[in-house]
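Structural description and commentary
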Amino acid sequence: MRLLALTALLLSTAPALAQDADALLARFLQDRGEDIDACFTDMPQMRDDQRDADFRGATDAPVPLRRLVVAFDASGSMAGALGSDTKMAAARQAVDALLDDLPDDVTASLVAFGHRGTNDDAGRAESCAGVETLVPATDNTTALKAAVQALEPAGWTPLADALAAAGTQLAPSDAVGEQVVYVVSDGEETCGGDPVEQARALHDGDIRAVVNILGLDLPADERAQLEAVAQAGGGLFTSITTQSELAREIEERRRWNANSFEMLRTNNQASMTQLRNSNAAGGALLRLNNCIGGRSLRESNRVRAWSRDQDLTPDQQAALRAALTAAHDAHDARAAEIRSTLEAARDGANQAVQDQRDADAAEFEAVR
């Protein structure tokens, strides 16, 4: 009988104790609590405003260019005629076009060969040993153009050594095509080297470079060797025999630069937008977690001292701690909802940016 009476008493006092706990929690939070709502403000907006690339005509560049080495033939035969001008003048024009409007993050180098000695037997040794990197990797295309303009036709054609020197200006890469060696020449190797094997080493090795050849008014037998060099280097051989062909090649080089620049810009913007979204979301969620965790910890530490100051009974203290824990759990649940929403917004925005980048890349491939 006494047990039943005690049970009835406890059941009758439970609602009162719960009501008392809610009142105690409100008093505690007013006295010693912190503004938890401040933790849930200033959530960032995700960005999905990826630009559309504006490609120009056609291009032969499947991968945006990163590093370019011009291997320039200044052998004596470059003094020969090409239309109404010299092959040397045509080569200079072609290099100027290649360097025009290169993106700021593309570095260019100049390797000269055939510019030492003479093109007779007496000057052969000096000429064949005279391969020189006149302009190391730089974004100063003006200096490189000036160095090309200063070259004059002189000696023999150590093409293999020139390709080896070009490789020293490049770096290991996993992307075929982001590093290009652009050879401008009017003849085959005349110093005993093997330019085909050297081009193959540049292309198939760690550098993964592409070797393109611009051949100026080549005899058929010499053209065959330079075609083989380009093939071994994974690149293109272009023959120039007239001024009109030179004009078309110059236009193609400028279009190639413009399209490569557009692809670099769209890739860079997409990467930066996605990075900003990820950083903004990650930073906001970290601040949210720290804010809620810190406030919960401080309130949990303060509740004991406050309970003693208020002379709460053990039952009241237990009820207050339970109510505070429930409030903290509610804050955690609210934070979890915000986390899920923000992460979904981040992923959606970044996917939209990626979709646009993929569309630009597909257009880039379609016009090359």
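Now for a quick tour of the structure. This one's a predicted model, so the numbers in the text were calculated from it and none came from an experiment.

**Focus: the state of the cysteines**
In total, this model carries 2 disulfides according to the counting rule given. Disulfide pairing places C39 opposite C291 at an S-S distance of 1.9 Å. Across the disulfide from C39 to C291, rotation about the S-S bond amounts to roughly -70°, and the bridge is consequently left-handed. Highlighted residues: C39 in the loop between α1 (2-32) and β1 (67-73) and C291 in helix α8 (residues 243-309), separated in sequence by 252 residues. Across the pair, C291 and C39 agree in class, each one buried. Two residues share a disulfide in this structure: C128 and C191, whose sulfurs sit 2.0 Å from each other. Taking the torsion about the sulfur-sulfur bond, which here is approximately -80°, the covalent link between C128 and C191 counts as left-handed. One end of the pair, C128, is in helix α3 (residues 124-128); the other, C191, is in the loop between β6 (179-185) and α6 (195-204), and 63 residues separate them in sequence. Numbered by position along the chain, the disulfide-linked cysteines of the chain connect as 1-4, 2-3.

**As for the packing of α6 against helix α7 (residues 220-232)**
Close contact between α6 and α7 brings their axes to 7 Å; oriented N to C, the two are set at 15°. Accordingly, the angle class assigned to the pair α6 and α7 is roughly parallel. The chirality of how α6 crosses α7 is right-handed. Between α6, through P195, V196, A199, R200 and H203, and α7, the contact on the second element is made entirely by Q225, A228, V229 and A232.

**Comments concerning the sheet that holds β1**
Taken together, the 6 strands give an open sheet; going across it, the order is β5-β4-β1-β6-β7-β8, and neighbouring strands pair in mixed fashion. Of all strands in the sheet, those with a lone pairing partner are β5 (132-138) and β8 (237-240), marking the two edges. For this sheet, the mean angle separating the axes of adjacent strands, direction not counted, is 15°. With 4 bridges connecting them, strand β7 (residues 210-216) and β8 associate as parallel partners. Each bridged residue has a counterpart across the sheet, and for L214 the counterpart in β8 is T238. Its contacts with the sheet put helix α2 (residues 87-99) on β1, β4 (107-113), β6 and β7, and the angle it makes with β1 is roughly 175°.

**Digging into α2**
The terminal C-alpha atoms of α2, which comprises 13 residues, lie 18 Å apart, in line with the 18 Å expected from a rise of 1.5 Å per residue. Where burial is concerned, most of α2 is hidden: 11 out of the 13 residues are buried. By the burial criterion, the buried members of α2 are K87, M88, A89, A90, A91, R92, A94, V95, A97, L98 and L99. Downstream of α2 by a residue or two, D101 has a phi angle that is positive, lying close to 60°.

The rules behind each value
Residues numbered from 1 in each chain as written. Predicted model: local features only at pLDDT ≥ 70, side-chain atom pairs only at ≥ 80, totals over all residues. Heavy atoms only, no water. Disulfide = S-S within 2.5 Å. Helix = DSSP H or I, 4+ residues; strand = E, 2+ residues; numbered from the N terminus. Buried < 20%, exposed > 50% of the residue type's maximum accessible area, 1.4 Å probe, protein only. Axes fitted to C-alpha atoms, helices over the stretch in contact; angles between N-to-C directions. Parallel < 35°, antiparallel > 145°, perpendicular 65-115°, else oblique. Left-handed = near helix turned anticlockwise from the far one by under 90°. Contact = heavy atoms within 4.5 Å. Pairing = 2+ DSSP bridges. Expected span 1.5 Å × (residues − 1).

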